[in-house]
Amino acid sequence: METEIIIVLTIMAFTIFMLITEIVRIDVTAIITMLALSWTGILSTDEALSGFSSNAVVAMIAVMILGEGIAKTGMMSRFSKWLLKRVGRKKSSVLGSLSLSVGVLSGVIQNIGAAALFLPSIIDIARRIKISASVLIMPIGFAAIIGGTLTMVGSGHLILTNDLLESANLEPYGLFAVTPVGIALLLSAIIFFVLLGKYFLPQDTSGDEFGLTEQEKIVDAFSLNKDIRYFRVDDNCKAIGKKIEETGIWKEYGINILALKDSGGKDTKYAPWRETEIKQGDVIALYGEAESLNRYVADYNFTKTEDDQIFEGIGDPEESGFVEVIVPPRSDLVGQTIREFSMRKRYAVEPVMLFSKGEKVTGDFSDHKIQPGDTFIIYGPWNNIKELQSTDPFVVATPISVESKDRSKTWQAAGSFLLAIVLAMSGFSISISFLTGALVMVLTNVMSIQDAYKAVEWKVVFLLVGLIPLGAAMQNSGTAEFLAENVMSVIEGSHLLVLLFTVGILSTGFSLVMSNVGAVVVLAPLVVGIGALAGVDPRPLVLLAAVNAGNSFVLPTHQVNALMMSAGGYKTKDYFKAGGGMTIVFLVVSVMFFYYTFF
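The rules behind the values
- Residues numbered from 1 in each chain as written.
- Predicted model: local features only at pLDDT ≥ 70, side-chain atom pairs only at ≥ 80, totals over all residues.
- Heavy atoms only, no water.
- Buried < 20%, exposed > 50% of the residue type's maximum accessible area, 1.4 Å probe, protein only.
- Helix = DSSP H or I, 4+ residues; strand = E, 2+ residues; numbered from the N terminus.
- Pairing = 2+ DSSP bridges.
- Patch = residues over 30% accessible without salt bridge, like charges linked within 9 Å, V, L, I, M, F, W, Y side chains within 5 Å.
- Areas by Shrake-Rupley, 256 points an atom, 1.4 Å probe, with all protein chains shown as cover.
- Salt bridge = Lys/Arg side-chain N within 4 Å of Asp/Glu carboxyl O.
- Core = buried A, V, L, I, M, F, W, Y, C linked by side-chain atoms within 4.5 Å.
- Contact = heavy atoms within 4.5 Å.
- Axes fitted to C-alpha atoms, helices over the stretch in contact; angles between N-to-C directions.
- Parallel < 35°, antiparallel > 145°, perpendicular 65-115°, else oblique.
- Nonpolar A, V, L, I, M, F, W, Y, C, P; charged D, E, K, R; others polar.
- Expected span 1.5 Å × (residues − 1).
- Arc of directions from axis to C-beta.
- 1 Å grid on protein atoms, 1.4 Å probe; cavity = no way out; pocket = protein on both sides within 12 Å on 5 of 7 lines; lining within 4 Å.
- Points joined across faces, edges and corners; volume = space filled by probe spheres on them.
- pLDDT = per-residue confidence, 0-100.

Student: Where do I start with the pairing of strand 1 (residues 228-232) in this structure?
Tutor: Taken residue by residue, a regular strand's side chains alternate between the two faces of the sheet. Of all five residues in strand 1, four are buried, a share of seventy percent or more. Pairing geometry for strand 1 and strand 4 (residues 283-287), over five bridges, is antiparallel. For Arg229, the partnering residue across the bridge sits in strand 4 and is Leu286. When strand 1 meets strand 5 (residues 303-305), the two strands line up antiparallel, connected through three bridges. Each residue of the ladder has a partner; that of Tyr230, found in strand 5, is Thr305.

Student: Can you help me understand a nonpolar patch on the surface in this one?
Tutor: Residues Leu100, Val104, Ile183, Leu187, Ile191, Val194, Leu195, Leu196 and Tyr199 make up a contiguous nonpolar surface patch of roughly 800 Å² in combined accessible area. For the nonpolar patch, the secondary-structure elements that each account for two or more residues are helix 6 (91-106) and helix 10 (179-200).

Student: What is the right way to look at the nonpolar core in this model?
Tutor: Generally speaking, soluble globular proteins have nonpolar side chains that are buried together. By size, the foremost hydrophobic cluster in this structure holds 140 residues, and its most contacted members are Leu136, Phe434, Phe510, Leu563 and Met582. Residues within four places of Met582 in sequence aside, it is in contact with Phe142, Ile146, Ala189, Phe192, Phe193, Asn551 and Phe553.

Student: In this structure, what is going on with unusual backbone geometry? I would like to understand it.
Tutor: Glycine aside, the phi torsion of most residues is negative, and most peptide linkages are trans. Positive phi, normally seen in glycine, also occurs at Asn301, with a value near 60°. Given the relative accessible area of 31%, Asn301 is considered partly exposed. With phi around 55°, Ala348 is a residue other than glycine that occupies positive phi space. You can see Ala348 is positioned in the loop between helix 14 (343-347) and strand 7 (350-356).

Student: Any chance you could explain the pattern of salt bridges here in plain terms?
Tutor: Oppositely charged side chains can form a pair if their charged atoms are brought close together. Tallying each qualifying case throughout the model produces eight salt bridges. Asp27 is the partner of Arg25 in a salt bridge, and the nearest nitrogen-oxygen pair spans 2.5 Å. Residue classification places Arg25 among the partly exposed positions, given a relative accessible area of 48%. Given the relative accessible area of 8%, Asp27 is considered buried. Of the charged contacts, one joins Lys72 and Asp451 as a salt bridge, the two residues approaching to 3.7 Å between their closest N and O atoms. One end of the pair, Lys72, is in helix 4 (residues 55-73); the other, Asp451, is in helix 18 (residues 449-454), and 379 residues separate them in sequence. By relative accessible area, Lys72 is classed as buried at 15%.

Student: Help me out: how do you make sense of the packing of helix 8 (residues 134-147) against helix 24 (residues 559-568) in this one?
Tutor: To describe two helices that pack against each other, one gives the angle between their axes and the distance between the axes. Packing of helix 8 against helix 24 brings their axes to within 10 Å, and their N-to-C directions diverge by 170°. By the angle between their directions, the pair helix 8 and helix 24 is classed as roughly antiparallel. Only Val560, Asn561, Met564, Ala567 and Gly568 of helix 24 make contact with helix 8, whose side of the interface consists of Ser134, Ile137, Gly141, Phe142, Ala144 and Ile145. Its residues placed into classes, the contact of helix 8 with helix 24 shows seven nonpolar, four polar and no charged.

Student: Quick question: what am I supposed to make of helix 9 (residues 156-167) here?
Tutor: Helical geometry note: an α-helix holds 3.6 residues per turn, so side chains three or four residues apart project in the same direction. With 12 residues, helix 9 should cover 16 Å at 1.5 Å per step; its first-to-last C-alpha distance of 17 Å lies within 8% of that length. Three or more residues of helix 9 are buried, namely His157, Leu158, Thr161, Asn162, Leu164 and Leu165. Buried residues of helix 9 fall within an arc of 165° about the axis and therefore sit on the same side. Buried positions along helix 9 lie against helix 22 (516-534) and helix 23 (538-548).

Student: In this structure, what is going on with the sheet that holds strand 5? I would like to understand it.
Tutor: Strands pair in a sheet through their backbones, by hydrogen bonds, and they do so in one of two ways: parallel or antiparallel. As summarised here, the arrangement of the five strands in space is 3-2-4-1-5, forming an open sheet in which the pairing is antiparallel. Strands at the two margins of the open sheet, each flanked by one partner only, are strand 3 (268-270) and strand 5. Taking the axes of each pair of neighbouring strands and ignoring which way they run, one obtains an average angle of 30° across the sheet. Contacts between helix 12 (residues 290-300) and the sheet are confined to strand 1 and strand 4, with strand 1 contributing the most and set at about 5° to the helix.

Student: Hey, could you run me through the layout of surface pockets in this one?
Tutor: Over the atoms rolls a probe the size of a water molecule, and in doing so it shows where empty space is left. Empty space within the second largest pocket amounts to approximately 1200 Å³. If you list the elements that add at least two residues to the lining of the second largest pocket, you get helix 4, helix 9, helix 16 (410-425), helix 19 (458-476), helix 21 (496-513) and helix 22. Residue contributions to the lining of the second largest pocket peak at seven residues, all from helix 19.

Student: Can you walk me through the confidence of the model for the chain in this structure?
Tutor: Detailed conclusions should not be drawn from predicted coordinates in areas where pLDDT is low. Confidence in the prediction for the chain averages 85 pLDDT; 95% of positions are at 70 or higher. Low pLDDT, under 50, characterises residues 205-210; the stretch is placed with 14 contacts to residues that sit more than four places away or in other chains.

Student: How should I be thinking about the sheet that holds strand 10 (residues 395-396) in this particular structure?
Tutor: The five strands are arranged 8-7-9-6-10 in an open sheet whose pairing can be described as antiparallel. Each edge of the sheet is formed by a strand with only one pairing partner; in this case those strands are strand 8 (359-360) and strand 10. Where helix 11 (residues 214-221) meets the sheet, its contacts fall on strand 6 (320-326) and strand 9 (375-381), and the angle it forms with strand 6 comes to roughly 65°.

The structure is reproduced here in structure tokens:
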């Protein structure tokens, strides 16, 4: 064995050990690996630093920017609402539908693009159905990787496979030759995580939630009722023609009206003014204690509706919420009442609770003389609350961490992402395609260039930068070929199933420490030769190796896994556990499918 091969194997073993144990951060491990390959002379300086100019790294940076731009428009948040309305809030239904959607999309566009497009929606849905995002992000990321096996253009290594077959004077495969096995793998992955996910996936992670959110803190601190209910004003409603205050909603019932949508469904008034007249066909969002709310509804004969999508943002923590506001000593509000100040009319926010001199003011506090230090709990859309925050009468004591969504830029964001996909499918490299899309987002003011820089997760970038040279070292030093030849020599003359499993395992192993394309380039010539010696058709053997080059789940070295790792708050051991189970499922399903279908 040559010295270079020994050195590369040693560095590879060290890297895998450090990634699994996480003695230091994984990006630091990757940088050590990159430098070690240069220190030992295995790679030149240019080769060791090649990761910085890698297509995968540039594409990763661009994808992060594109994903942030899409999230800023709230586009995927609206998709989340649409999906939950159709599949319900059951975790298995959500997981299955999202995995299927991402997987199918990944069959026609780059898997990193499919993953990035859906990532904001995955996080949003996890929050809405109140589960840890970690139980969704990893399986859906895996589905994006597997989706690359649905067509022969779904991933780079499958595209290359036909070129390698032609160079060996073998007939190339058609576009959908791999589709049946791709479907089987995608469905197997979904079934695996739906049935066994609780045993393999982390049910909570440090990156998922950092304690209670600000909304949860304020709800707990003031024992706020989180239930918002929706009612229609039908022709038999006794409130028709009355002004809101005339119904006694605050004085007699002690409840609040958070929003009112007119009968035409076009005009929505948040925290409608007390003089607003209730008309037939209106829809109202009511908040308050259940007993008082039920009494109000019964007295005026409102009709309950379950359609909570009538009001965009009401009841959605991403769009609206409760905040604590304090009246400072020099406020113009001191000495006035809410009625005189017209809080609802000015800011379209609803005061639901008042504390004065440390005591809760019960009943209708519309005519309470406001004093310095009085504290209101108000509810409203974040945009309205931010407008209130910028004025002198109040000090908003609750941190507002939610970013405003600029829906006016939805088409620009969607167009930028679509442009990136079209360019990639037209033959441009994925890095140039997605970087172009990211630039268009900046030029169309979807986001500023500063926001674009902030969107980049540098830990993920340096993980890829540091590990890409290891794949180059394995190929350049002959380590990959040495391993493949030695393994193949052992199985000559064995049963066909042994041969198929060996090809699958080798391809899987190589894909974890080098690029998928590199794994196929190394293995294809060897597999063709072994197939000829074993007397079996080498074409499906090469295709099996190419399919299993996408079996990259055990380590976060695949760019999709790297992207999802930070978002899900995962550690390498999480990938080792869940990815290990997925790797076995992938290997068994692919090998058995090829055995019974191609041979």
